Amino acid sequence: MGGSLAGLLAAHVLAGHAERVTVVERDRFPEGAKPRPGVPQGRHPHVLLQGGQRALESLLPGFLAELREAGAPRVGMPADMVLWQSGRWFRRVPASTHIYTGSRAQLEELVRRRVLADPVISVLEGTDAVGLLGDATRVRGVLVRDRSGDTRAKSRPLEADLVVDASGSGTKAPQWLAAIGAERPREETIDTGLAYASRVYRGANGALDGETRGYYAYPDPEQVHAGGALPLEDGSHLVIVSGLRGDEPPTGDDEFVTYAKKLPHPPLHRWLAEAEPLSPAFGHRRTANVRRRHDLPGRPAGFLATGDALCTFNPIYGQGMAVAAMSAVALRDALADRRRTPTTRRVQQALLAASRLAWDISAGADRKMPGAVGTAVDGRPGDQVAGWYLSRVQERAPGDPVVGRAFRAVLTLSAPVTALFAPAVARAVLFGPPAPTPTEPPAAPEEPVAPTG
């Protein structure tokens, strides 16, 4: 259920184990790389983190070369960016990681083309999933209905040995499970009330500022406004501004630019004042972190959840596409494990584990924000100590290349959180003072330091 990244990549994996895989998608896929209604955040900034790059390349060999050939910008962190977090500008030392910042529509179209070339996979476009077949012990298919606009259209059964919910953050699977007598998943939520607006601009000569490819100012409890500009594949930049509940960014032309003054420094506002807008501003308000615990005992066999239907993150951290790909790798590996029978619960646990690091980052940051509400705001025992250590990491990451490298590796989902406790990192975090950082936005990357000796 669902033909976005999570659904397509799950279908690709399952095609190696099934006679037939059917993707049920409510939209009709566009010709080429265009936004579509079923991806409500599709017009907003998306980044493909390094963990997601590795996963996609593992699933679809050669994919990153295709992405580069299509023109998706590959941005080095922190060398190519002006970054601000927790009151500090990051030194622009040589990049230790890269992100792709092209449009969501472009990346999804490339994945769709690769996946749907498999004859095992078929698609029911313009079709709603409206319920589940089965009972409390096993899901045996879905009820589907054509989206013809005819309110009298009847649903029909689509039987299946396995149903995968990849229908996104608006999933109705919990209600459908309850309707067949199964237990609903327990939900864990953290909602800061963050809202954002995005708009496409083109700067003078199609550039941002000199040797800078992008800006980003991250929110924190002392500075709740955030925003930035990221390059797109056509040479334009997608600009985002965000605020919390009660101070949502506007979508009017002049008001959008004015709102950028709330960021901690004026470079983005100055650039916007001279750049050419290429689109209207679009707002987005659904940014809560939600995790649905389908992995707990007593759930029916034959049903899995993945992607945003399993775990939704505050989009400001850019994790969704990476986790969709990493979850597909987890599904592939769980099904291929010859040491264990891939029971529904065991595979669902693997899918949840694939999203755990992203959840810990997003939820851990958001539970500190003023006004955060939800069932998981209080956290777990030990979070206070972990929070103390991580706050020291954040203080040192902008100025210390060793700490910064480890910090970025974890944030881009390419290294486990234990990377922050490596000996050289721990020494700097526990015993060293924060290294000096630029007092103004650094206009250019630093030159690489030649090795000594």
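Relevant structure appears above.
The rules behind each value
- Residues numbered from 1 in each chain as written.
- Predicted model: local features only at pLDDT ≥ 70, side-chain atom pairs only at ≥ 80, totals over all residues.
- Heavy atoms only, no water.
- Helix = DSSP H or I, 4+ residues; strand = E, 2+ residues; numbered from the N terminus.
- Rg over C-alpha atoms; globule rule 2.2 N^0.38 Å.
- Buried < 20%, exposed > 50% of the residue type's maximum accessible area, 1.4 Å probe, protein only.
- Contact = heavy atoms within 4.5 Å.
- Areas by Shrake-Rupley, 256 points an atom, 1.4 Å probe, with all protein chains shown as cover.
- Lys, Arg positive; Asp, Glu negative; His and termini not counted.
- Charge placed at Lys NZ, Arg CZ, Asp CG, Glu CD.
- Core = buried A, V, L, I, M, F, W, Y, C linked by side-chain atoms within 4.5 Å.
- 1 Å grid on protein atoms, 1.4 Å probe; cavity = no way out; pocket = protein on both sides within 12 Å on 5 of 7 lines; lining within 4 Å.
- Points joined across faces, edges and corners; volume = space filled by probe spheres on them.
- Nonpolar A, V, L, I, M, F, W, Y, C, P; charged D, E, K, R; others polar.
- Patch = residues over 30% accessible without salt bridge, like charges linked within 9 Å, V, L, I, M, F, W, Y side chains within 5 Å.
- Salt bridge = Lys/Arg side-chain N within 4 Å of Asp/Glu carboxyl O.
- Polar contact = N/O pair within 3.5 Å; in protein donor to acceptor, adjacent residues only side chain to side chain.
- Pairing = 2+ DSSP bridges.
- Axes fitted to C-alpha atoms, helices over the stretch in contact; angles between N-to-C directions.
- Parallel < 35°, antiparallel > 145°, perpendicular 65-115°, else oblique.
- Left-handed = near helix turned anticlockwise from the far one by under 90°.
- Phe/Tyr/Trp six-rings, centres within 6.5 Å; stacked < 30°, edge-to-face > 60°.

Asker: Any chance you could break down the overall build of the chain for me, citing the residues and the numbers?
Answerer: Counting its secondary structure elements, the chain contains 12 helices and 20 strands. The C-alpha radius of gyration of the chain comes to 22 Å, within 12% of the 22 Å expected for a compact globule of 453 residues. Taking the principal axes of its C-alpha atoms as reference, the chain extends roughly 65 × 50 × 45 Å. Counting over 453 residues, the chain shows a buried share of 53%. Taking the intrachain contacts of the chain between residues at least 6 apart in sequence as the baseline, contacts between residues at least 24 apart amount to 74%. Of the roughly 20400 Å² that the chain leaves accessible, carbon and sulfur atoms contribute 52%. Treating the 54 positive side-chain charges of the chain as one cloud and the 49 negative ones as another, the clouds have centres 5 Å apart.

Asker: Go over the nonpolar core with me, naming the residues and quoting the values.
Answerer: Counting residues in hydrophobic clusters, the biggest one holds 99 residues, and the most contacted among them are Phe-63, Leu-67, Val-111, Leu-132 and Phe-303. Residue contributions to this core peak at 10 residues, all from helix α8 (residues 320-336). Contact partners of Val-111, with chain neighbours within four places excluded, come to Leu-5, Leu-8, Leu-9, Leu-56, Leu-60 and Phe-63. Counting 21 residues, the second-largest nonpolar core is a separate cluster that includes Ala-197, Ala-260, Leu-263 and Leu-272.

Asker: Explain empty space enclosed by the protein to me, using residue names and the numbers behind them.
Answerer: Scanning the model with the defined rule gives five cavities of 30 Å³ or more in all. A volume near 90 Å³ is recorded for the largest cavity. Taken together, the elements giving at least two residues each to the lining of the largest cavity come down to β13 (214-217), β14 (226-231) and α7 (267-274). Of the residues in the lining of the largest cavity, the class split is nine nonpolar, three polar and no charged. In this structure, the second largest cavity encloses a volume near 80 Å³. What lines the second largest cavity is a set of 13 residues, and nearest its centre among them are Lys-34, Pro-35, Arg-36, Ala-105 and Glu-108.

Asker: Could you give me a rundown of a nonpolar patch on the surface, with the residues and numbers involved?
Answerer: There is a patch of nonpolar side chains on the surface, built from Trp-388, Leu-430 and Phe-431 and spanning about 370 Å² of accessible area. Considering the arrangement of structural elements, one finds Leu-430 in helix α12 (residues 423-431). Residue Leu-430 is classed as partly exposed on the basis of its relative accessible area, which comes to 36%.

Asker: Describe in detail the side chain of Ser-355, supporting the description with residues and values.
Answerer: Mapping Ser-355 onto the fold places it in helix α9 (residues 344-366). Among the polar contacts made by the side chain of Ser-355, one reaches the main-chain carbonyl oxygen of Leu-352 at a distance of 2.8 Å. Setting aside chain neighbours within four positions, we find Ser-355 in contact with Cys-311, Phe-313 and Val-323.

Asker: Quick one: what's the story with the pairing of strand β3 (residues 81-85), residue by residue and with numbers?
Answerer: Most of β3 is tucked away, with five of its five residues classed as buried. Side chains Met-81, Leu-83 and Gln-85 project from β3 onto one buried face, and the interleaved Val-82 and Trp-84 project onto a second face that is buried too. The pairing of β3 with β13 spans four bridges and is parallel. Within β13, the position partnered with Leu-83 by the bridge is Tyr-216. The sheet contact formed by β3 and strand β4 (residues 88-89) spans two bridges and is antiparallel. Paired with Trp-84 across the two strands is Trp-89, which belongs to β4. If you look at the hairpin formed by β3 and β4, you'll find two residues sitting between the two strands, and Ser-86 has a positive phi there, around 50°.

Asker: Now, about the packing of helix α2 (residues 50-59) against α8: what can you tell me, with residues and values included?
Answerer: Two numbers describe how α2 lies on α8: the axes approach to 8 Å, and their chain directions differ by 45°. Relative to α8, the element α2 is oriented oblique. Here α2 runs over α8; the crossing is left-handed. When α2 is examined against α8, the residues Gly-51, Gly-52, Ala-55, Leu-56, Ser-58 and Leu-59 are found in contact with a partner set consisting of Ala-322, Ala-325, Met-326, Ala-328, Val-329 and Arg-332.

Asker: I'd like a description of the packing of aromatic side chains, backed by residues and values.
Answerer: Given two aromatic rings, their pairing is described by the distance between the two centres and the angle made by the two planes. Enumeration according to the criterion identifies four aromatic pairs in this entry. Seen from their ring centres, Tyr-389 and Phe-421 are 4.4 Å apart, and the 15° between their planes marks the pair as stacked. Highlighted residues: Tyr-389 in helix α10 (residues 383-396) and Phe-421 in the loop between α11 (401-411) and α12, separated in sequence by 32 residues. In this structure Phe-421 comes out as partly exposed when scored by relative accessible area, which is 47%. Ring pairing ties together the aromatic residues Tyr-201, Phe-256 and Trp-271, which thus form one cluster.

Asker: Provide a residue-level description of the sheet that holds strand β11 (residues 186-190), including the pertinent values.
Answerer: Sheet architecture is open: three strands sit in the order β11-β18-β20, paired in antiparallel fashion. Of all the strands in the sheet, just β11 and β20 (311-312) have a single pairing partner and so form its edges. As defined by bridge partners, strand β18 (residues 289-293) adjoins β20 across two bridges and the pair is classed as antiparallel. For Arg-291, the partnering residue across the bridge sits in β20 and is Cys-311. Against the sheet, α9 contacts β11, β18 and β20, and its axis sits at roughly 145° relative to β18.

Asker: I'd like a description of the environment of Ser-242, backed by residues and values.
Answerer: Here Ser-242 lies in strand β15 (residues 237-243). Given the relative accessible area of 1%, Ser-242 is considered buried. Separated by 28 residues in the primary sequence, Ser-242 and Arg-270 have C-alpha atoms spaced 17 Å apart. When neighbours within four sequence positions are excluded, Ser-242 is seen to be in contact with Leu-194, Ala-195, Tyr-196, Val-224, His-225, Ala-226, Pro-249, Tyr-259 and Ile-316.

Asker: If you had to explain the packing of helix α1 (residues 5-14) against helix α4 (residues 104-115) to someone new, which residues and values would you point to?
Answerer: In the contact formed by α1 and α4, the axes pass within 10 Å of each other and the chain directions differ by 20°. Taken together, the axes of α1 and α4 lie roughly parallel to each other. The two elements α1 and α4 cross, and the hand of that crossing is left-handed. Of the residues in α4, those touching α1 at Leu-5, Leu-8, Leu-9 and His-12 are Arg-104, Leu-107, Glu-108, Val-111, Arg-112 and Val-115. The residue inventory of the contact of α1 with α4, partitioned by class, reads six nonpolar, one polar and three charged.

On their own, these measurements won't tell you what the molecule is for.
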